[in-house]
Amino acid sequence: MSAGADVEADLAAFRRGAVDLIEAGELAERGARARAERRPLRVKFGMDPSSPDLHLGHAIPLFLLRSLQDLGHQVVLIVGDATARLGDPSGRNKLRPQLSREEVEANLATYTEQAARVIDMERAEVRRNSEWFDRMGFDDVLRLMGRMTLARMIERDTFARRIERGEPVGLHELLYPLMQGWDSVMVRCDVEIGGTDQLFNLLVGRELQRAEGQPGQVCLTLPLINGLDGRKMSKSYGNAIGLTESAAEMFGKVMSLPDEALADWLRLLTPLSDEERARLLAGHPREAKARLAEEIAARFHGREAARAAREGFDRQFRDRELPESIPELYYPGEWPARGVPLAVVLREVALAASSSDARRLVEQGGVRVDGEVVRDPMLPLHPERAGHLLQIGRRRVARVFPAASES
């Protein structure tokens, strides 16, 4: 492949899914220069271990990073153990609590392991930003803060909105963009990748590099995908698909995705060509969703496991068969002869999050008892009929027994 063809492959990889690319011309020039010098571009991506798990939203930049690794570029993974203690205010409308060093370390233990499901960690340069921030003295912090004016800082939309609403903005939060930007200086970054909520921080890094006599980094943002319920994907919302979930869990959850999200998920979470995605979207949404679910499961568990997940899902739901293995749950309290209301059973065995959630599921026709749809949340389940088969929606199936039957 010629050097020119290499540069075109680079540009195509960077542009796939990109929202902001500042500046595309600089990226082309820098890529051509790097190829001519037979050196890789240094591509930075930062992850703050602010929670213990990664989900598919995090996977979008990880997929891009892996494709860039395969093109020969150097991924620089910044593990933000210092910035995580501060707390990233991006996209937040209230003061974010700071994490302790112990909390950060606990989260950190799972982060790199989960990122390794996508990135080749043996080819990645992994740096903790505590490496330089823990060495800083107060004079160093003052010099860093002197690189930015208050007027420039409050241009950030998150800060501006909170100030307009009279909501508090902690002084420590103003340090975050500077810290993330300083990471770029310390690793001599060529290109930084982040979500659309990170654009301000990426531009700060570009400014700080120029102030330090380095070429300013190219800034590339990727979209943030919504979760299964249309809200921002978050473990706290219960609408996320975790990177450590089984192939069957991934497949089943993707099949519950709203149809209107299909185009974005196919583009951002699969390697399918434009032509193949267009063909899928022109057909039946169910088939497009099944292909999406299989592609996602395959990226984390391999093609064989993904196909098995699809076949199991089809047997259970499309072909109206039950799974081969049905979990057994035991009602924790007394099960009187008069029976226990269905909604109470669902709540107590954790098939529903709460009493109101259980009532809603039943009233909307989402619950089957022994194969029959039930719409009365107060329907009594009787202990003499031990082993009620309960099906909640398409994915949750269990046999429920009185506690006395556990032995």
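Remember, it's a predicted structure, so these values are computed and weren't measured experimentally.

Asks: Tell me about the overall build of the protein chain, and name the residues and values.
Replies: Summing up its helical and strand segments, the protein chain has 18 helices and 13 strands in all. For the protein chain, buried positions account for 48% of its 407 residues. The long-range share in the protein chain, meaning contacts at least 24 apart out of those at least 6 apart in sequence, stands at 71%. Within the structure as shown, the protein chain displays about 19600 Å² of accessible surface, and the carbon and sulfur contribution to it stands at 49%. Positive and negative side-chain charges of the protein chain, numbering 58 and 63 respectively, have mean locations separated by a distance of 2 Å.

Asks: Talk me through the pairing of strand S6 (residues 218-222); I want residue IDs and the actual numbers.
Replies: Across the five residues that make up S6, a large majority, five, are buried. What you see with S6 is no split at all: Val218, Leu220 and Leu222 on one side and Cys219 and Thr221 on the other are buried throughout. Direction of pairing for strand S1 (residues 20-22) relative to S6: antiparallel, over a ladder of three bridges. Each residue of the ladder has a partner; that of Leu21, found in S6, is Leu220. When strand S5 (residues 191-195) meets S6, the two strands line up parallel, connected through five bridges. Within the sheet, the bridge partner assigned to Val191 lies in S6 and is Val218. Crossover S5 to S6 through helix H11 (residues 199-211) is right-handed.

Asks: Requested: an account of the environment of Ala13, with residues and values cited.
Replies: Relative to the elements of secondary structure, Ala13 occurs in helix H1 (residues 3-15). Taking the C-alpha atoms as reference points, Ala13 and Gln69, 56 residues apart in sequence, are found 11 Å from one another. In contact with Ala13, other than residues within four places in its own chain, are Leu64, Ser67, Leu68 and Leu71.

Asks: Go over the packing of aromatic side chains, please, and point to the residues and values.
Replies: Throughout the structure, instances matching the rule amount to four aromatic pairs. An angle of 55° between the planes, with centres 5.4 Å apart, marks the rings of Phe251 and Phe313 as tilted. Residue Phe251 is located in helix H12 (residues 247-254), and its partner Phe313 is located in helix H16 (residues 303-318); the two are separated by 62 residues in the primary sequence. The buried category is assigned to Phe313, whose relative accessible area is 6%.

Asks: Go over the environment of Arg279 with me, naming the residues and quoting the values.
Replies: On the secondary structure map, Arg279 appears in helix H14 (residues 274-282). Classification of Arg279 as partly exposed rests on a relative accessible area of 49%. With 210 residues separating them in the primary sequence, Arg279 and Gln69 have C-alpha atoms 29 Å apart.

Asks: Can you break down the nonpolar core residue by residue, with the values?
Replies: Leu56, Leu62, Ile193, Trp265, Leu269, Ile296 and Phe300 are the most contacted members of the largest nonpolar core, which has 64 residues in total. Filtering out sequence-adjacent residues up to four positions away, Ile296 remains in contact with Leu56, Met250, Val254, Trp265 and Leu269.

Asks: Give me empty space enclosed by the protein: which residues, what numbers.
Replies: The gaps left among the atoms become clear once a water-sized probe is rolled over them. Counted under the stated rule, the structure contains one cavity of 30 Å³ or more. Here the largest cavity defines a volume of roughly 30 Å³. Lining the largest cavity are Val7, Asp10, Leu11, Phe14, Leu27, Gly31 and Leu41. Taken together, the elements giving at least two residues each to the lining of the largest cavity come down to H1 and helix H2 (24-36). Per-element accounting of the lining of the largest cavity gives the leading share, four residues, to H1. Residues that form the lining of the largest cavity fall into these classes: five nonpolar, one polar and one charged.

Asks: Explain unusual backbone geometry to me, using residue names and the numbers behind them.
Replies: Omega for the bond connecting Ile22 with Glu23 falls within 30 degrees of zero, at 0°, which places this linkage in the cis form. With respect to the helices and strands, Glu23 occurs in the loop between S1 and H2. In this structure, Arg188 is a non-glycine residue whose phi angle is positive, near 50°. Inspection of the secondary structure assignment puts Arg188 in the loop between helix H10 (175-187) and S5. Non-glycine residue Ala350 carries a positive phi angle of around 65°. By the secondary structure assignment, Ala350 is in the loop between helix H17 (342-348) and helix H18 (355-363). The class for Ala350 is exposed, based on a relative accessible area of 63%.

About the criteria used
- All residue numbers here refer to positions counted from 1 along the written sequence of the relevant chain.
- Selection of residues for local features in this predicted model requires a pLDDT of at least 70, selection of side-chain atom pairs for listing and counting requires 80 or more, and totals for whole chains, interfaces and linings are taken over all residues.
- In computing side-chain values, all of the structure's heavy atoms are included and hydrogens and water are not.
- Only runs of H or I of at least four residues qualify as helices and only runs of E of at least two qualify as strands under DSSP, and these elements are numbered from the N terminus.
- We call a residue buried when its accessible area falls under 20% of the maximum for its residue type, exposed when it is over 50%, and partly exposed in between, using a 1.4 Å probe and counting protein chains only.
- Contact definition: two residues touch when any of their heavy atoms are within 4.5 Å.
- Using a 1.4 Å probe, the Shrake-Rupley method yields the accessible areas, and only the shown protein chains count as cover for residues.
- In this tally, Lys and Arg are treated as positive and Asp and Glu as negative; His is ignored, and so are the chain termini.
- We put the charge of a Lys on NZ, of an Arg on CZ, of an Asp on CG and of a Glu on CD.
- At least two DSSP bridges between two strands are needed for those strands to be called paired.
- Handedness is read with the strands pointing away from the viewer; a crossover is right-handed when the path from the first strand over the helix to the second is clockwise.
- Two rings belonging to Phe, Tyr or Trp (six-membered ring only in the last case) form a pair when the distance between their centres is within 6.5 Å. Interplanar angles under 30 degrees mark stacking, angles over 60 mark edge-to-face geometry, and anything in between is tilted.
- By nonpolar core is meant a set of buried Ala, Val, Leu, Ile, Met, Phe, Trp, Tyr and Cys residues that side-chain atoms within 4.5 Å join together.
- The distinction between a cavity and a pocket rests on a 1 Å grid over the protein atoms alone: a 1.4 Å probe fits inside a cavity but cannot get out, while a pocket stays open yet meets protein on both sides within 12 Å along at least five of seven lines, and a residue with an atom within 4 Å of a point counts as lining.
- Grid points are joined across faces, edges and corners, and a volume is the space filled by probe spheres set on the points.
- Classes in brief: Ala, Val, Leu, Ile, Met, Phe, Trp, Tyr, Cys and Pro nonpolar; Asp, Glu, Lys and Arg charged; the others, Gly included, polar.

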